[in-house]
Amino acid sequence: QLQLAESGGSLVQPGGSLVLSCVASSDVYAIGWFRQAPGKEREGISCIRDNGQRLYYLDSVRGRFTISRDKNTAYLHMNNLKPEDTATYYCAASRFVCSGDVDVPDHWGQGTQVTVSS
């Protein structure tokens, strides 16, 4: 069945940039990015549909994070990273809708760690 694989997480300095990648093994309607910091709830960041429509959910990353997609590969471009961006980042696929709700996706990747620290 569908598999998702995230990559690109790393240790970066505040103000730095990263690009995360998510490769889906087959066609998907929507791919979203989520993150979860230690001791906090998983939260939706952004989602992109197969037609390129983008939705953004997380105010704290507005203007700094951008989602993009090349068919079944989604990217999260992360700029001006802050220590509070430290989290495990997940991509997730949904069959019917884009949503920042963690209960909506049908499939999840295993996550990639982003640590922002000097």
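See the structure above.
The following refers to the structure shown. (Residues numbered from 1 in each chain as written. Predicted model: local features only at pLDDT ≥ 70, side-chain atom pairs only at ≥ 80, totals over all residues. Heavy atoms only, no water.)

## Points about the sheet that holds strand β7 (residues 65-70)
Okay, so step 1: The antiparallel open sheet is built from 4 strands, whose spatial order is β1-β3-β8-β7. Whereas interior strands pair on both sides, the edge strands pair on one side only; in this sheet they are β1 (4-7) and β7. Strand-to-strand twist across the sheet, computed as the mean angle between neighbouring axes with direction ignored, equals 15°.
Okay, so step 2: Bridge analysis of strand β3 (residues 18-24) against strand β8 (residues 73-78) gives 6 bridges, and the strand direction is antiparallel. Counterpart to Leu18 in the pairing with β8 is Met78. (Pairing = 2+ DSSP bridges. Helix = DSSP H or I, 4+ residues; strand = E, 2+ residues; numbered from the N terminus. Axes fitted to C-alpha atoms, helices over the stretch in contact; angles between N-to-C directions.)

## Here's the deal with the pairing of strand β11 (residues 112-116)
Okay, so step 1: Of the two faces of β11, the one lined by Thr112, Val114 and Val116 is fully buried and the one lined by Gln113 and Thr115 carries no buried residue.
Okay, so step 2: Alignment of strand β2 (residues 11-12) against β11, held across 2 bridges, turns out to be parallel. Within the sheet, the bridge partner assigned to Leu11 lies in β11 and is Thr115.
Okay, so step 3: Where strand β9 (residues 87-94) lies against β11, 3 bridges are found, and the strand directions are antiparallel. Within the sheet, the bridge partner assigned to Tyr89 lies in β11 and is Thr112. (Buried < 20%, exposed > 50% of the residue type's maximum accessible area, 1.4 Å probe, protein only.)

## A look at the environment of Lys40
Okay, so step 1: With respect to the helices and strands, Lys40 occurs in the loop between β4 (30-36) and β5 (43-49).
Okay, so step 2: Spatially, the C-alpha atom of Lys40 lies 9.5 Å from that of Ala87, the residues being 47 residues apart in sequence.

## Quick word on the state of the cysteines
Okay, so step 1: In total, this model carries 2 disulfides according to the counting rule given.
Okay, so step 2: Residue Cys22 pairs covalently with Cys91 via a disulfide, S to S 2.0 Å. Taking the sign of the S-S torsion, about 70° here, the bridge from Cys22 to Cys91 comes out right-handed. Residue Cys22 is found in strand β3, and its partner Cys91 is found in strand β9; the two are separated by 69 residues along the sequence. Comparing Cys22 with Cys91, the two get one shared label, buried. (Disulfide = S-S within 2.5 Å.)

## Focus on the environment of Cys22
Okay, so step 1: Note on Cys22: relative accessible area 0%, which makes it buried.
Okay, so step 2: Each C-alpha atom, one on Cys22 and one on Ala5, is 5.4 Å from the other, the two residues being 17 residues apart in sequence.
Okay, so step 3: Among residues more than four places away in sequence, those in contact with Cys22 are Leu4, Ala5, Glu6, Ile31, Trp33, Asn72, Thr73, Ala74 and Cys91. (Contact = heavy atoms within 4.5 Å.)

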